[in-house]
Amino acid sequence: MRLAVLETEKCVGCQLCMFACSRRQNEAGLAKSCIGVKSIGGMERGFSVIVCRACENPPCAKVCPTDALTPREGGGVHVDLEKCIGCGHCREACVIGAIYWDDEINKPMICIHCGFCVNFCPHGVLGMEKKKEIEHASK
Amino acid sequence: MQVNDPLSNVLYIDLSKRTFEVKRRDDIFERYLGGTGAAIKLLHEECPEDCDPHGPENPIIFTVGPLTALFPLASKTVAMFKSPHTGNLGESHCGGRSAVAIRMAGYGAIVIKGTSDIPIYISIDNKQVHFRDATTLWGMGSFSSGRVIRENETGAGLRTIMRIGKAGEKLISYASVISETYRHFGRLGLGAVFGSKKLKAVVVSGKSSLPVVDMKQYRKAYNEIYNSAVKSPVMKKYHDLGTPENVLPLNEFGGLPTRNLKEAQFEKAEVISGESLAEHYLGRRLACSNCPVGCIHIAALREPYEDEAYFYKTTMISYDYEPIYALGTMLGMNSAKDYLRLMDRVEAWGIDAMSAGVVLAWATEAQEKGIISEKETLDVKLGWGDVQSYITALRNIIEQPNEFYTALARGIEHTISIYGGEDFALAFGGNEMPGYHTGPGAHIGTLIGTRHSHLDNAGYSFDQKLLAKEEKSPEDLVDILVEEEIWRQILSSLVICFFARGIYSPELVSRLLNITGFDVSEADLDRIGREIYVEKYRFKMREGFKLDDMRIPKRIFETPSPIKQLDEAYIRKALEHVKEILAQEGVFQN
Ligand code: SF4
Ligand code: SF4
């Protein structure tokens, strides 16, 4: 199963998903969130929810020089922090900017598609879906 | 409080010297929690007696609370300053992303003093304060300046952009500060204090981790609040229709001030009700950071260009109960479209919707009565429901082309000192009235509230829930209002949105504070709330506030309210009782 942004237009920008992602890592605040929400040039135009979208053949994993990123069963990538050298190539390879950065340890933070945030989106923007059904309502 | 909690970091900024420093102020936050409590303490420290509200020494103080960015709905920022509108305590609260952004940037409070020689804006992040030239932004509306700054600065998705429009630059004493396009520090003129400092905007962004004492308890408590927020009926009410849900019930109750309170029911209430706006205009919903309710409703107004066929513009305009009252019913606005047009100007120019509406309503009646003529209004014929006349008058208030408009730019209390017409001048404690003519609770509440806001003690709600059923002596009513205001000091020290007051009980608040490392019992909360309340009155008295001098506009007795028990003697007795309560705390008027 993977996390999917089902209905971006319903997003109200509450950031509850971001806080949820921190809590599932036993963190409080926003420093460790693997999901982000920004307005599309002003709140009147709505929001985009930026999170790993479980690419078929993830470009981030392809550019990792140490093979720290490996495609994960069901979508997304697994990060091996031992192998990661913090070069930041993966971050540059992700065109939607879904690779967040842990400034403390200088390593990437990437959504693990656990679905925890889905339970805290009050407006049904987020959901879980099987890998094969990647047909997006998003534009 | 946790030793590593960034909450007690106070960022002091000097605009004259363009310097900043950070001080740990555990003393303040341990004692007053944050929010309004921390702010009044800082105001006492930073605001010299009798200072000029437009002078460099008047501080702008922003504070957030210990629960911000930890729990849902602790989402307000408190601003405190000396008000250019009343010349006394200035306090205003704003949501949007402001509170979470300040907390995530690593601060519990920001204190801004001094005056810049050129227009500037400041950008604050986890490490730095940048002073940026805002010459090019000066004169821009709140939408455009927000847009430019958004492009210019980093931190998208994690920031607040608090800015002023033209009203703030022109020192209109009820100019607002706007954040995230649709939220405001509306009341008491923070926008003019920004303007006097040549401060166009404050941008704050950041992300950080916060310490909690017990992670398991923290997660459990979070879920508890989240669940009650999404399930509670009160929250559902604000979620569905937003605050305009109140328009029809208040109209039916007979407490909806209409045409400068000549009446208390509006025959066209239906067209500007929450129901009707949702059906015809609702275009988007928004929420403040960490808020599961999402009460912010934005209308989409599609209008053709008059000079060219097949060209349309769609404007997104927020609507809420108070602006609907002030710019709608008070001005006899009988179409939603006209209300939205006026609201859009109010937003772009950055002026408090409530004061603006009440000022325009007074001017309309003054013209009707012949107290002022078209000589004063510069040929504008103000007419109930005539949106074009109101837009022109509002532009004149901002531009101040003659003495009359210059007077209006300083509010009703000042205007009547020159032109008369006090009997129908609806201001309490110098602040234009909120949208409730429900009975003694509403009017006494705004008279005695520390910031003369309906939110100080919710008198309007006691009218509807309590006085509608039983009579109360003025003393009993005051006791109830003061108790409520004391509890609200705690809520606003934790910067909890008042819509969530049903969820945040004293028991829960004390438990949450324990989780965040504050050793505070329910009894302590009562003591702290009382202390903050008293400190605010101490400031007010220091600056010359007198309960004896309170002007009570006759209009509130002329137009019947649903609760009949309302006359001047009743109100004067209530004011006497406030003096007694304060005297017991050692606070006296000069
Ligand atoms: S699915 Fe899990 S890891 Fe991914 S954003 Fe949501 S909470 Fe974070
Ligand atoms: S929780 Fe849902 S509505 Fe809120 S910001 Fe995240 S995706 Fe948007």
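Residues numbered from 1 in each chain as written. Chains lettered and ligands numbered in written order. Predicted model: local features only at pLDDT ≥ 70, side-chain atom pairs only at ≥ 80, totals over all residues. Heavy atoms only, no water.

Asker: What's the story with the site of ligand 1 in this structure? I'm lost.
Answerer: Residues in contact with ligand 1, as listed here, are Leu3, Cys21, Arg24, Ile35, Val51, Cys111, Ile112, His113, Cys114, Gly115, Phe116 and Cys117 of chain A. Among the residues forming the shell around ligand 1, the class breakdown is nine nonpolar, two polar and one charged. (Near = heavy atom within 4 Å. Nonpolar A, V, L, I, M, F, W, Y, C, P; charged D, E, K, R; others polar.)

Asker: Got a minute to help me understand the environment of Thr415 of chain B in this structure?
Answerer: Residue and element names in this part refer to chain B. Looking at the element boundaries, Thr415 is found in helix α17 (residues 412–419). It is 50 Å that separates the C-alpha atoms of Thr415 and Gly517, two residues lying 102 residues apart in sequence. Residues contacting Thr415, with those up to four places away along its chain left out, are Trp362, Ala407, Leu408 and Gly420. In terms of polar contacts, Thr415 uses its side chain to reach the backbone carbonyl oxygen of Ala407, at 3.1 Å. (Helix = DSSP H or I, 4+ residues; strand = E, 2+ residues; numbered from the N terminus. Contact = heavy atoms within 4.5 Å. Polar contact = N/O pair within 3.5 Å; in protein donor to acceptor, adjacent residues only side chain to side chain.)

Asker: In this structure, what is going on with the confidence of the model for chain B? I would like to understand it.
Answerer: In low-pLDDT segments, the atomic positions of the prediction should not be examined closely. Of all residues in chain B, 100% have pLDDT values of 70 or greater, and the mean over the chain is 96. Predicted complex, confidence summary: ipTM 0.94, pTM 0.97. (pLDDT = per-residue confidence, 0-100.)

Asker: Please clarify how the site of ligand 2 should be interpreted in this entry.
Answerer: Around ligand 2, a shell composed of 13 residues is seen, among which Cys11, Cys14, Gln15, Cys17 and Cys121 of chain A lie nearest. Here the shell around ligand 2 is composed, by residue class, of ten nonpolar, three polar and no charged.

Asker: Explain the domain arrangement of chain B to me, please; I cannot follow it from the model alone.
Answerer: When the parts of a complex come together, some accessible area is lost, and that lost area is often used as the size of the interface. Residues and elements named next belong to chain B. Considered domain by domain, chain B is made up of domain 1 (6–205), domain 2 (243–420) and domain 3 (431–584). The C-alpha centroid of domain 3 is placed 27 Å from the C-alpha centroid of domain 2. Contacts between the two partners involve 25 residues from domain 2 and, on the opposite side, 19 residues from domain 3. The largest per-residue losses of area from domain 2 upon contact with domain 3 belong to Phe253, Leu261 and Glu322, which jointly make up 33% of the total buried on that side. Counting every contact that joins domain 2 to domain 3 gives two salt bridges. Here Glu413 ties to Arg551 by a salt bridge, and the two come within 2.7 Å at their closest N and O atoms. The interface formed by domain 2 and domain 3 holds 14 residue pairs in polar contact (both at pLDDT 80 or more) in total. Here the side of domain 2 that touches domain 3 takes five residues from helix α13 (residues 353–368), the largest share from any one element. Grouping the amino acids of the side of domain 2 that touches domain 3 by side-chain chemistry returns 13 nonpolar, six polar and six charged. (Domains from an automatic or database assignment. Buried area = accessible area lost by both parts, 1.4 Å probe. Salt bridge = Lys/Arg side-chain N within 4 Å of Asp/Glu carboxyl O.)

Asker: Could you clarify how one ought to interpret the environment of Ser561 of chain B in this entry?
Answerer: Residue and element names in this part refer to chain B. By the element assignment, Ser561 lies in the loop between α23 (555–558) and α24 (568–584). Assessed through its relative accessible area of 5%, Ser561 is described here as buried. In the structure, Ser561 is positioned 371 residues away from Leu190 in sequence and 32 Å away in space, judged by C-alpha atoms. Here Ser561 is in contact with His437, Thr438, Gly439 and Leu566, once residues within four sequence places are set aside. A distance of 2.8 Å separates a polar atom in the side chain of Ser561 from the backbone oxygen of Ile563. (Buried < 20%, exposed > 50% of the residue type's maximum accessible area, 1.4 Å probe, protein only.)

Asker: Would you mind showing me how to read the packing of aromatic side chains here?
Answerer: The way to describe two aromatic rings as a pair is by their centre distance and the angle between their planes. Using the criterion set out here, one finds 16 aromatic pairs over all chains in the structure. Plain terms: the ring middles of Phe120 of chain A and Tyr222 of chain B are 5.9 Å apart, the flat faces sit at 70° to each other, and that makes the pair edge-to-face. Of this pair, Phe120 of chain A sits in the loop between β7 (107–109) and β8 (126–129) while Tyr222 of chain B sits in helix α7 (residues 215–231), placing the two residues on different chains. Geometrically, the ring pair formed by Phe404 of chain B and Tyr405 of chain B is edge-to-face, given 5.4 Å between the ring centres and 65° between the ring planes. Residue classification places Phe404 of chain B among the buried residues on the basis of a relative accessible area of 2%. Tyr405 of chain B gets classed as buried once you look at its relative accessible area, which sits at 1%. Three or more aromatic residues joined by ring pairs make a cluster, and in this case those are Phe116 and Phe120 of chain A together with Phe71, Tyr218, Tyr222 and Tyr226 of chain B. (Phe/Tyr/Trp six-rings, centres within 6.5 Å; stacked < 30°, edge-to-face > 60°.)

Asker: Quick question: what am I supposed to make of the state of the cysteines here?
Answerer: Here is the idea: a disulfide is a covalent bond, and it sits between the sulfur atoms of two cysteines. This structure, assessed with the given rule, holds zero disulfides over all chains. Unpaired in terms of disulfides, Cys90 of chain A finds its nearest cysteine sulfur in Cys87 of chain A, a separation of 6.3 Å. (Disulfide = S-S within 2.5 Å.)

Asker: Help me understand the sheet that holds strand β3 (residues 60–63) of chain B, please; the structure alone is not making it clear to me.
Answerer: Backbone-to-backbone hydrogen bonds join strands into a sheet, with any given pair of strands oriented parallel or antiparallel. Residue and element names in this part refer to chain B. Strands sit in the order β2-β1-β6-β3-β4-β5 across an open sheet of six strands; the sheet is mixed. Of all strands in the sheet, those with a lone pairing partner are β2 (19–24) and β5 (89–94), marking the two edges. Across this sheet, the average inter-strand angle for adjacent strands is 15°, counted without regard to direction. When strand β1 (residues 9–14) meets β2, the two strands line up antiparallel, connected through six bridges. Each bridged residue has a counterpart across the sheet, and for Ile13 the counterpart in β2 is Phe20. Relative to the sheet, helix α2 (residues 35–46) contacts β1, β3, β4 (77–82), β5 and β6 (109–113), its axis offset from that of β4 by approximately 25°. (Pairing = 2+ DSSP bridges. Axes fitted to C-alpha atoms, helices over the stretch in contact; angles between N-to-C directions.)

Asker: Please explain the layout of surface pockets as it appears in this structure.
Answerer: The gaps left among the atoms become clear once a water-sized probe is rolled over them. Empty space within the second largest pocket amounts to approximately 930 Å³. Forming the boundary of the second largest pocket are 38 residues, of which Trp101 and Asp103 of chain A together with Leu158, Gly206 and Lys207 of chain B lie nearest the centre. Only β2 (36–39) and β6 (100–102) of chain A together with β7 (120–124), β8 (129–133) and β12 (199–205) of chain B provide two or more residues apiece to the lining of the second largest pocket. The residue makeup of the lining of the second largest pocket, split by class, is 14 nonpolar, 13 polar and eleven charged. (1 Å grid on protein atoms, 1.4 Å probe; cavity = no way out; pocket = protein on both sides within 12 Å on 5 of 7 lines; lining within 4 Å. Points joined across faces, edges and corners; volume = space filled by probe spheres on them.)

Asker: Hey, could you run me through the domain arrangement of chain A in this one?
Answerer: Residue and element names in this part refer to chain A. Segmenting chain A into domains produces domain 1 (1–51 + 111–134) and domain 2 (54–108). Measuring from the centre of the C-alpha atoms in domain 1 to the corresponding centre in domain 2 gives 19 Å. Of the residues lining the interface, 13 residues belong to domain 1; the matching set on domain 2 comes to twelve residues. Roughly 1,000 Å² is buried in total at the junction of domain 1 and domain 2, and carbon and sulfur atoms are behind 49% of that figure. Seen at the junction of domain 1 and domain 2, the total is two salt bridges. Where Glu104 meets Lys32, a salt bridge forms, and the shortest distance between an N and an O atom there is 3.6 Å. Between domain 1 and domain 2 we count three residue pairs in polar contact (both at pLDDT 80 or more) in total.

Asker: Would you explain the interface of chain A and chain B in this entry?
Answerer: Contacts between chain A and chain B engage 37 residues on the former and 37 residues on the latter. In this structure, the connection of chain A to chain B is made through two salt bridges. At the junction of chain A and chain B, the tally comes to 17 residue pairs in polar contact (both at pLDDT 80 or more). Secondary-structure elements contributing two or more residues to the side of chain A that touches chain B are α1 (16–24) and β2 of chain A.

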